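Reading the structure
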Amino acid sequence: TLLVTLTALLVPSQAAEDFCGHCGKNQLPAPIHPTPGRKFARDRFVDLLHLKLDVTPDFARRTVNVETTWKFKPIAKPLTQLTLDAVGLSIESVTATGAQVAEQQSTEAQLIITFAQSIAPDAEVTLVIKHQVQPENGLYFRTPEMGYKAGDTQLWTQGEAEMHRYWFPCYDYPNERFTSEVICHVPEGMEVVSNGHRVAQTQDAQGLQAHHWLQDKPHVNYLVALAAGYFYKIEDKAGALPLAVLVPPSEKEQAANAFLDTRKIIEFYQRETGVPFAWDKYYQVFCHDFLAGGMENTSCTFEAVTSLFKSETEELETLHRLDAHETAHQWFGDLVTCRDWSHLWLNEGFASYYTVLYEEQRHGRDAMLYSLWREAQKVLSQTDTKPTVWRDYSDAMEQFDFRVYPKGAWILHMIRTRLGPDLYRTAIKTYLERHRSQVVSSEDLQDVLEEVSGLSFDQFFDQWLYHGGLPELDVSYSWDASSKLAKLSVKQTQKISEQVRLFGLDVPVRFIVKGQPQDFKISVTAVTEDYHFALAAAPELVRVDPDYTVLAKVKFNPPGDMLKRQLASKDDVISRMIAAAALGEKDDHESIELLKRALNEDAFHGVRREAAKALKKIGNPEARTALATSLKQLDARVRDEVVQALAAFPQAEARDALWSLAQTEKNPSILAAIVKTWGARPGEPAIAAALRKQLASNSYREALATAAIAALRAQDDASAVPAILAKLTTGAGDFDRGSYSAALDAVAFLARNDKDRSITRAFLATQLLAPKEGTRTAAAKALGTLKDPAAIALLEPFTEVAKPYNDPMRDAAEQSLQALRTLEIGPAALKALWDELHKTQSEATKLKKQVDGMKKPAQK
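Residues numbered from 1 in each chain as written. Predicted model: local features only at pLDDT ≥ 70, side-chain atom pairs only at ≥ 80, totals over all residues. Heavy atoms only, no water.

**A word on the sheet that holds strand β26 (residues 528-534)**
Quick reminder of the rule: For two strands to be treated as a pair, DSSP must find at least two bridges joining them. Helix and strand labels come from DSSP, where a helix needs a run of H or I of at least four residues and a strand needs a run of E of at least two; each type is numbered from the N terminus. The angle between two axes is taken between their N-to-C directions and runs from 0 to 180 degrees, where each axis is a line fitted to C-alpha atoms and a helix contributes only its stretch in contact.
If you walk across this open sheet you meet the four strands as β26-β23-β22-β28, and the pairing is mixed. The open sheet terminates on both sides in strands that have one partner only, identified here as β26 and β28 (553-556). The average angle at which neighbouring strand axes cross in this sheet is 20°, direction not considered. As defined by bridge partners, strand β22 (residues 472-480) adjoins strand β23 (residues 485-492) across eight bridges and the pair is classed as antiparallel.

**A short note on a nonpolar patch on the surface**
So the rule is basically this: Residues enter a patch when their relative accessible area is above 30% and they make no salt bridge; the linking distance is 9 Å between like charges and 5 Å between nonpolar side chains (Val, Leu, Ile, Met, Phe, Trp, Tyr). Under the convention used here, a 1.4 Å probe and the Shrake-Rupley method define accessible areas, while residue burial counts only the protein chains that appear. Salt bridges are counted wherever a side-chain nitrogen of Lys or Arg sits within 4 Å of a carboxyl oxygen of Asp or Glu. The buried label goes to any residue with under 20% of its type's maximum accessible area, the exposed label to any with over 50%, and the partly exposed label to all in between, with areas taken from a 1.4 Å probe on protein chains only.
Judged by side-chain polarity, I496, L502 and V527 come together as a nonpolar surface patch covering roughly 230 Å² of accessible area. With respect to the helices, strands and loops of the structure, I496 is situated in the loop between β23 and β24 (505-513). Residue I496 is classed as partly exposed on the basis of its relative accessible area of 44%.

**Observations concerning the confidence of the model for the protein chain**
Going by this rule: You can read pLDDT as the predictor saying how much it trusts each residue, on a scale of 0 to 100. Residues are treated as being in contact if the distance between any of their heavy atoms lies within 4.5 Å.
Summing up the model confidence of the protein chain, the mean pLDDT is 91 and the portion of residues at 70 or higher is 91%. Note that residues 1-28 has pLDDT below 50 and, in this model, 94 contacts with residues that lie over four places away or in other chains. Note that residues 847-860 has pLDDT below 50 and, in this model, 16 contacts with residues that lie over four places away or in other chains.

**Notes on helix α16 (residues 652-662)**
Selection rule: Directions pointing from the helix axis toward each C-beta atom define the arc.
Within α16 the residues assigned to the buried category are A654, A657, L658, L661 and A662. Each buried residue of α16 sits inside an arc of 140° when the element is viewed along its axis, so together they form one side. Close packing links the buried residues of α16 with α14 (621-628), α15 (636-646) and α17 (668-677).

**Considerations on the pairing of strand β12 (residues 197-203)**
Taken together, the six bridges between β12 and strand β13 (residues 209-220) define a ladder with antiparallel strand orientation. Within β13, the position partnered with Q203 by the bridge is Q209. Linkage of β12 to β13, two consecutive antiparallel strands, is achieved through a turn of five residues, within which G207 is found at a positive phi near 85°.

**Let's talk about the packing of helix α21 (residues 737-751) against helix α22 (residues 758-767)**
Going by this rule: Orientation labels follow simple angle bins: below 35 degrees gives roughly parallel, above 145 gives roughly antiparallel, 65 to 115 gives roughly perpendicular, and whatever is left gives oblique. Note on convention: near helix rotated counterclockwise from far helix by under a right angle means a left-handed crossing. Clockwise means right-handed.
Here α21 crosses α22 at 155°, and the two axes come no closer than 10 Å. Overall, the two elements α21 and α22 adopt an arrangement that is roughly antiparallel. Relative to α22, the crossing made by α21 is left-handed. Residues Y740, L744, V747, A748 and A751 of α21 form the contact with α22, whose participating residues are T760, F763, L764 and Q767.

**A closer look at unusual backbone geometry**
The linkage connecting E160 with the following residue, A161, adopts the cis geometry, with an omega of 5°. When you line up the elements, A161 lands in the loop between β9 (154-157) and β10 (177-186). Despite not being glycine, D716 has its phi angle at roughly 55°, a positive value. Here D716 lies in the loop between α19 (703-715) and α20 (721-730). A positive phi angle, near 60°, is found at K787, a position not held by glycine. Position of K787 among the secondary structure elements: in the loop between α23 (773-786) and α24 (792-800). Exposure remark for K787: the relative accessible area of 43% places this residue in the partly exposed category.

**As for helix α5 (residues 365-380)**
Our working rule: Between the first and last residue of a helix there are one fewer steps than residues, each counted as 1.5 Å, and that sum is the expected span.
Counted at 1.5 Å a residue, the expected span for α5 with its 16 residues is 22 Å, and the 22 Å between its end C-alpha atoms agrees. The set of residues buried in α5 consists of A367, M368, L369, Y370, S371, L372, W373, E375, A376, V379 and L380. Where α5 is buried, its residues touch α4 (345-363), α6 (406-419), β28, α11 (573-583) and α13 (605-618).

**A look at the environment of P135**
Turning to its location among the elements, P135 is positioned in the loop between β7 (125-133) and β8 (139-142). Exposure remark for P135: the relative accessible area of 8% places this residue in the buried category. Once the C-alpha coordinates of P135 and W464 are considered, the two residues, 329 residues apart in sequence, prove to be 40 Å apart.

Here's what the structure looks like:
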């Protein structure tokens, strides 16, 4: 029958994970059994001393044979049973030295080992577990059979938060440290990277190269790492410390751009922390479809290939922030590690803040303040009021959000502001040295801060870490000429709850009087408070938090010409940014002229970008003209901001300016942004020709073709379907994962009203068999978008075969089927559908013969 045929045809024979993780560590699979309620550090019954992994991957089958060896000692009580985290492992044997294994049991999530006799406290045992697994999580293959370029074969691991249990039995929690070693057997010519230093590289009995790495300094389980495959490698040194960057061979031209700052970052962090780099080397490995931007394994960071870029993107693309963040983790997160996930900010907040500090080292104080500004916007835009130290998560991955990244960075910035840079450095050096090779909680940092400074941080930690939300300050100003008193009224307007309390804040205030700054500090503790300042004359400018030291939503509208003066404050970049944003709330000629001048003349690119955003917000004809005549920006970041602003307007003036720029623009990212705007211009012959040209073009990761497809979809131009299908057929390997998926849905959308959708349906049917799971999932979704009832037969098998609970392919097929089954079909359409079903069945029978060959086990 058709159903049986398609079931055999379409069910993938092997797992191939294809996650999206460009934006952060928030795309990982959910745990097997998410559990509600407060979470605390796990009990430790044994002291893990050493881990040895002997790994033989089979790249064709995408399986690994692993011999896992654990050395451990019971901590306080005799031990008769050891429970390890293990999911989906095929255990072959469990043996021990120093104890006798009586029994082993595998549950859905654990390996439980029972010993014949109790093991005494401090008695050392060596446990050897042999197992095989085709991992769905934790360890990932990328091979040509999965749709990746020949020569780019690789595997890589990702342990954070609790993912190593999917490929070796372990204590998968961060409150235990141990040394480790990894031996990996791969074909000659492949490179292997793991933690620590290389002990040896020899040929084994099977003719494979055995790469042996040893991490002789303790680290936690999630930091264990393994990458193997074919790589292009560049090497350097920071003093005597070996450095390297490894990229897939197909990305070798981008390798140098990924290595511009690494040595400088390490040298800066060593000076800033006062603590030398702790590990034996520092390698960066770029991995296909990595689950996050990067992962800070001890001595070897793994990063996403999609982070790589070409120099033609100018200032728009850089890796120094990702590099700085992950490298900072080698101190914060690796050398010292949060003892449980509620204290994750000690890892991520420090890494985020030291990225900000490196920005100052690289580009100066204005760049550092702008970096803080951008981090603040990420926090201020949120409505979530959970505390930074939060124990009520169901899954550890819920912790990886703004509370621990940008808010964590700002918490450290406020601490540094209170202590001053020198005393702060002393405190952090003490913290790192005292807790070196240990797990830590927020209390450990507080103890050091108080010891070094003599100050109490009880209130600070309580309101910023253990309670949530932010202070929201409504500030008003008045001047009494008779008494020569300036008055500031401050009201805390955040919604008070058990979780969000009134804040106690010291807020700096600056008055510029006759060109001279006069600085004060006000203590904000109540809902509403008034403050008076005796000044010699009315101030020309009033600044709340002039040095940018407090994370708060501040509403302050200076009177008169103060905003104009603020926008001209040459030595105060935050003042100019605030002024530009405030002027965007106005709608008058003078404000537009001021913003246009700032857009074209301000010395700092961040202010120019804010000016462009402000003009976009105003949006009247004069503001649009100001933007249209300001496209000649040498800094690509500003030019891109102006393009994005103009793209919001449908008027001819904006369109003509973008069209003119497109004729000369060399930056592919900016050109792609312009091409996308053409989606709002259907029926124009010049635009239609330009879109076909960009669709047929070749660019890095097909950025221009992707933009053209998005524009054609926006135009609903069904005539573009053949050209798009041709591009997706010939250039599939050059699209990035997300762009190809979007293109599949676009071509289905454009063909949805065609009388004959068989060609598009047939193409999408082939994509259901694509090697990449992400492509298969996108094809299932696109068949729903196509609105072709004949696709029902193609999709049904994916919903009827048992799959993991979080199978995206099944979910997409179910959603598409639901949409297709709601379509109204008339008698004529029913006959056509019946004919199409017969045709589909015939095609499926032919395809089955091809897939049968795909499903046969690969020969070793």
